[in-house]
Amino acid sequence: MRSFTLFCAVQAVALCYAKTEAPSFVVDYENDRFLKDGQPFRYISGSLHYARVPSALWKDRMMKMKAMGLNALQTVIPWNFHQPNYPKDSSHTTRFSGDQDLGKFIDTAHEVGLLVLLRPGPYICAEWENGGFPAWLTSNTSIKVRTSEPGYLSEVTRWMNILLPVIKPRLYANGGPVIMVQVENEYGSFPACDHVYIDYLYNLIRKALGDDVVIYSTDGPSERMISCGSSKDIFTTIDFGPGGSDPMNQFNVLRAYQPKGPLVNSELYSGWLDHWGSPHAHVSTAAIVTTLKALLAIESVSFSMYMAEGGTNFGFWNGANSPAYGPQPTSYDYDAPISESGRYHPDKYMAIRNTITANPSQPHTHRTTSL
């Protein structure tokens, strides 16, 4: 009886410790997986850009994402959306209210039950005006953007020192939903290949947010893109669209650079962007479902669909592609599973939902919400 009582007491202490242990989200490189609170975890995410959806509709869109089977969302943070004017006085020229209330957006995701992956740039691409760079920054011809040029780093540091304190209390380790923060965006596609710059950004973010968040990069699946876009301290991910080939063909390129750790596609294209004067883009549901099934069959894979909902380029925030000038229209519908107006795509939404929820090994963080 005494030994049984002692055993029960030890078990009670263990249970008490488990309940009070701080939340954690880490990369388990040795076993090719993420660990969330010590348990193997796969995230299935979708992109939702708060700058392209009115704040009154954020919760609606997030609930539809959760109902589709997603357990996380990914969003970009456009610098020029928050600091359109030169920040002589940061307290008055940085906008974090209304539709620009990033903190509220993250808090709403937490309320709905979605984890959050943030892409603060400073360059974000995303077919957004000037790639997220403020006009006052790029009009200064002495500044060399996306490099370690001192004038550029000074402005980036000033911006990040305002932005990152908004994020820190919302990290998963601090009781919030933010599990990962990205460095730059597809930097390997930029000719500079400046590792001093990438390492500077990493250290800037790490110093501000601490060790309890995964810092990652995203690049196309080529040796040059991956090696230029990441560094030894950064968790490396790639992006690629749906297609007939085995996803491991792309992931093997990543494995040559990062031999261990979970495999991540940070931009699985659920649709595609539109250009002025061209027909609305379309990516077939069948192609997406085929790729989803292939990704879900690989236990070590997590991914984020770009986009879950595209939304709208309000004002003049639509960007353009180059070198052949190709401007985007006001609509950023993207042929995504949730349309620009918030409606379900006629067949794509349910096909994605059924594919995700049919996967028996999917480690959900929640039960799929009913429609």
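First things first, this report covers the structure right here in the doc. Just so it is clear, the model here is predicted, and its values are computed rather than measured. (Residues numbered from 1 in each chain as written. Predicted model: local features only at pLDDT ≥ 70, side-chain atom pairs only at ≥ 80, totals over all residues. Heavy atoms only, no water.)

Taken as a whole, this structure holds one disulfide when the rule is applied. A sulfur-sulfur separation of 2.0 Å characterises the disulfide bridge that pairs C193 with C228. Taking the torsion about the S-S bond as the criterion, the C193 to C228 disulfide, at about -90 degrees, is left-handed. Remark: C228 occurs in helix α9 (residues 223-229) and C193 occurs in the loop between β7 (178-182) and α8 (195-209); sequence separation between them is 35 residues. A relative accessible area of 5% places C228 in the buried class. The closest cysteine sulfur to the non-disulfide-bonded C125 is located on C228, 17 Å from its own sulfur. (Disulfide = S-S within 2.5 Å. Helix = DSSP H or I, 4+ residues; strand = E, 2+ residues; numbered from the N terminus. Buried < 20%, exposed > 50% of the residue type's maximum accessible area, 1.4 Å probe, protein only.)

So, about the environment of T330. Within the element layout of this structure, T330 appears in the loop between β13 (326-327) and α12 (348-357). Assessed through its relative accessible area of 39%, T330 is described here as partly exposed. With near-sequence residues (within four places) excluded, T330 lies in contact with T312, N313 and E340. (Contact = heavy atoms within 4.5 Å.)

The strand order β1-β2-β3 describes an open sheet built from three strands, whose pairing is antiparallel. Taken across any chain shown, the strands that pair with only one partner, and hence form the sheet edges, are β1 (25-28) and β3 (39-41). Within the sheet, the average angular offset between the axes of one strand and its neighbour, ignoring direction, is 40 degrees. In terms of strand pairing, strand β2 (residues 33-36) meets β3 through three bridges, oriented antiparallel. Residue pairing in the sheet places F34 in a bridge with F41 of β3. (Pairing = 2+ DSSP bridges. Axes fitted to C-alpha atoms, helices over the stretch in contact; angles between N-to-C directions.)

One way to put it is that helix α2 (residues 58-67) packs onto helix α5 (residues 102-112) with a least axis distance of 10 Å and a crossing angle of 40 degrees. The angle between α2 and α5 places the two elements in the oblique class. The handedness of the crossing between α2 and α5 is right-handed. Facing W58, K59, M62, M63 and K66 of α2, the residues of α5 in contact are K104, F105, T108, A109, E111 and V112. Taken together, the residues that form the contact of α2 with α5 break down as six nonpolar, one polar and four charged. (Parallel < 35°, antiparallel > 145°, perpendicular 65-115°, else oblique. Left-handed = near helix turned anticlockwise from the far one by under 90°. Nonpolar A, V, L, I, M, F, W, Y, C, P; charged D, E, K, R; others polar.)

Quick look at the pattern of salt bridges now. All chains considered together, the criterion is met by 13 salt bridges. Between K260 and D32 there is a salt bridge, with the nearest N and O atoms lying 3.6 Å from each other. Placement of the pair is K260 in the loop between α10 (248-257) and β10 (263-269) and D32 in the loop between β1 and β2, with a sequence separation of 228 residues. For K260, a relative accessible area of 34% corresponds to the partly exposed category. Residue R146 is joined to E184 by a salt bridge in which the shortest nitrogen-to-oxygen separation is 2.7 Å. Here E184 lies in the loop between β7 and α8 and R146 lies in the loop between α6 (135-138) and α7 (150-167), a separation of 38 residues in the sequence. As far as the burial class goes, R146 and E184 line up, both buried. Put simply, D60, R61, K64 and E309 are held in one network by salt bridges that share partners. (Salt bridge = Lys/Arg side-chain N within 4 Å of Asp/Glu carboxyl O.)

Read these as geometric descriptors, not functional statements.
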